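# Descriptive analysis of the structure
Each chain, written out:
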Amino acid sequence: MTKTEKKTSRAEQKARRPQEILEAAFEEFTVKGYAATRVEDVAARLGVTKGTVYLYFPTKDVLFEEMFRHISTPFTDLLASVGTLEGSAADQLRALLLLAYEKIADDRKTRELLRLSLSEGTRFPDIVDRHHDEFIAPLIAAVRTLVEEGVASGEFRDEAAAKFPDVVASSILHVAVWRLMFADRKQIDGPTFIEAHFDLALNGLLPRS
């Protein structure tokens, strides 16, 4: 191997290091919670020194906050997909909810982020609020926009469900919490549940004869 190849390898390793630290931090915080997690535990999980972690993240608070943002990637992917939806308002709403199930309820890291939000939210309200403003609120806004478009076109009726679109997406949170509580001990039939959700949500929005 040439010196250039070695330098490139070290550069790539250095570039990956912050993400590797955040992944290790996520696992430690998930298992132990904020208070019981030590920076040296994160370093040990990754096989580096505590000083290496502090080189990128000067305090445990900063490490926790950046970890929170890093693990929110599925939300970023989900929001980026909104602009690609096609078809009727119902078709787009169904596709959006299906993506949300995939990126939120079916994603282990997103579920564990929910657990951390519940357990550490009083300690870090600013982080949780920012997560809501940057990721949750835009998702609900996208649902609201599709529902409003459906109402405007006459595809959906303008009643309670259309005025509070959070309800349309609430079953996604139900599945996420169920899996957090029971893991594999009590299985939930995901595909059947999702179809039941779609049936309830969309038929609840459709005009009545």
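Residues numbered from 1 in each chain as written. Predicted model: local features only at pLDDT ≥ 70, side-chain atom pairs only at ≥ 80, totals over all residues. Heavy atoms only, no water.

Quick look at the domain arrangement of the protein now. Parsing the protein into structural domains produces domain 1 (10-70) and domain 2 (72-203). A C-alpha centroid distance of 29 Å is found between domain 1 and domain 2. Between domain 1 and domain 2, the residue contacts involve 15 residues of the former and 15 residues of the latter. Both faces considered, domain 1 and domain 2 share a buried interface measuring about 1,500 Å² in area, 61% of it formed by carbon and sulfur atoms. Per-residue buried area on domain 1 facing domain 2 is highest for Phe26, Phe68 and Arg69; these three make up 42% of the total on that side. Applying the counting rule to domain 1 against domain 2 returns four salt bridges. In this structure, Arg108 and Glu27 form a salt bridge, with 2.8 Å as the shortest nitrogen-oxygen distance. (Domains from an automatic or database assignment. Contact = heavy atoms within 4.5 Å. Buried area = accessible area lost by both parts, 1.4 Å probe. Salt bridge = Lys/Arg side-chain N within 4 Å of Asp/Glu carboxyl O.)

So, about the packing of helix α5 (residues 73-81) against helix α6 (residues 89-105). With their axes 9 Å apart at the nearest point, α5 and α6 run at an angle of 165 degrees to one another. Between α5 and α6, the interaxial angle falls into the category roughly antiparallel. Crossing of α5 over α6 shows right-handed handedness. Touching Pro74, Phe75, Asp77, Leu78 and Ser81 of α5 are Leu96, Leu99, Ala100, Lys103 and Ile104, all from α6. Grouping the constituent residues of the contact of α5 with α6 by class yields seven nonpolar, one polar and two charged. (Axes fitted to C-alpha atoms, helices over the stretch in contact; angles between N-to-C directions. Helix = DSSP H or I, 4+ residues; strand = E, 2+ residues; numbered from the N terminus. Parallel < 35°, antiparallel > 145°, perpendicular 65-115°, else oblique. Left-handed = near helix turned anticlockwise from the far one by under 90°. Nonpolar A, V, L, I, M, F, W, Y, C, P; charged D, E, K, R; others polar.)

All right, on to helix α4 (residues 60-71) then. The end-to-end C-alpha distance of α4 is 16 Å, a good match for the 16 Å that 12 residues give at a rise of 1.5 Å each. Residues of α4 that are buried: Lys60, Leu63, Phe64, Met67, Phe68 and Ile71. Relative to the axis of α4, the buried residues are bounded by an arc of 135 degrees and lie together on one face. (Expected span 1.5 Å × (residues − 1). Buried < 20%, exposed > 50% of the residue type's maximum accessible area, 1.4 Å probe, protein only. Arc of directions from axis to C-beta.)

The UniProt record annotates "domain: HTH tetR-type" (unreviewed entry) at residues 15-75. Along residues 15-75 one finds 85% helix and 0% strand; the C-alpha atoms at either end are 23 Å apart. (UniProt positions renumbered as here; feature names shortened; annotations may be inferred.)

Next up on the list: the nonpolar core. The biggest cluster of nonpolar side chains holds 30 residues, and the ones touching the most others in it are Leu93, Leu96, Leu97, Ile104, Phe156 and Ile172. For this core, the elements supplying multiple residues, two or more each, are α5, α6, α8 (125-152), α10 (166-182) and α11 (190-205). Residues within four places of Ile104 in sequence aside, it is in contact with Phe75, Leu78, Thr110, Arg111, Leu139 and Ile172. Residues Tyr34, Val39, Ala43 and Leu113 belong to the second largest nonpolar core, which totals 22 residues. (Core = buried A, V, L, I, M, F, W, Y, C linked by side-chain atoms within 4.5 Å.)

With that settled, consider the environment of Leu22. The topology assignment puts Leu22 in helix α1 (residues 3-36). Separated by 153 residues in sequence, Leu22 and Val175 place their C-alpha atoms 26 Å apart. Here Leu22 is in contact with Phe57, Leu63, Glu66, Met67 and His70, once residues within four sequence places are set aside.

Let us now look at the packing of aromatic side chains. Taken as a whole and assessed by the stated rule, the structure comprises nine aromatic pairs. Between the aromatic rings of Phe29 and Phe64, the centroid separation amounts to 5.0 Å while the plane-to-plane angle is 85 degrees, which identifies the pairing as edge-to-face. Of this pair, Phe29 sits in helix α1 while Phe64 is found in helix α4, placing the two residues 35 residues apart along the sequence. Under the relative-accessibility criterion, Phe29 is labelled buried at 1%. With a centroid separation of 4.6 Å and 20 degrees between ring planes, the pair formed by Phe64 and Phe124 is classed as stacked. Taken as a pair, Phe64 in helix α4 and Phe124 in the loop between α7 (108-120) and α8 lie far apart in primary sequence, 60 residues in all. Note on Phe64: relative accessible area 1%, which makes it buried. The structure contains a cluster of three or more aromatic residues connected by ring pairs, namely Phe29, Tyr34, Phe64, Phe68 and Phe124. Here the basic side chain of Lys60 rests over the ring of Tyr34, its NZ or CZ set 4.2 Å away from the ring centre. (Phe/Tyr/Trp six-rings, centres within 6.5 Å; stacked < 30°, edge-to-face > 60°. Lys NZ or Arg CZ within 6 Å of the ring centre and 35° of its normal.)

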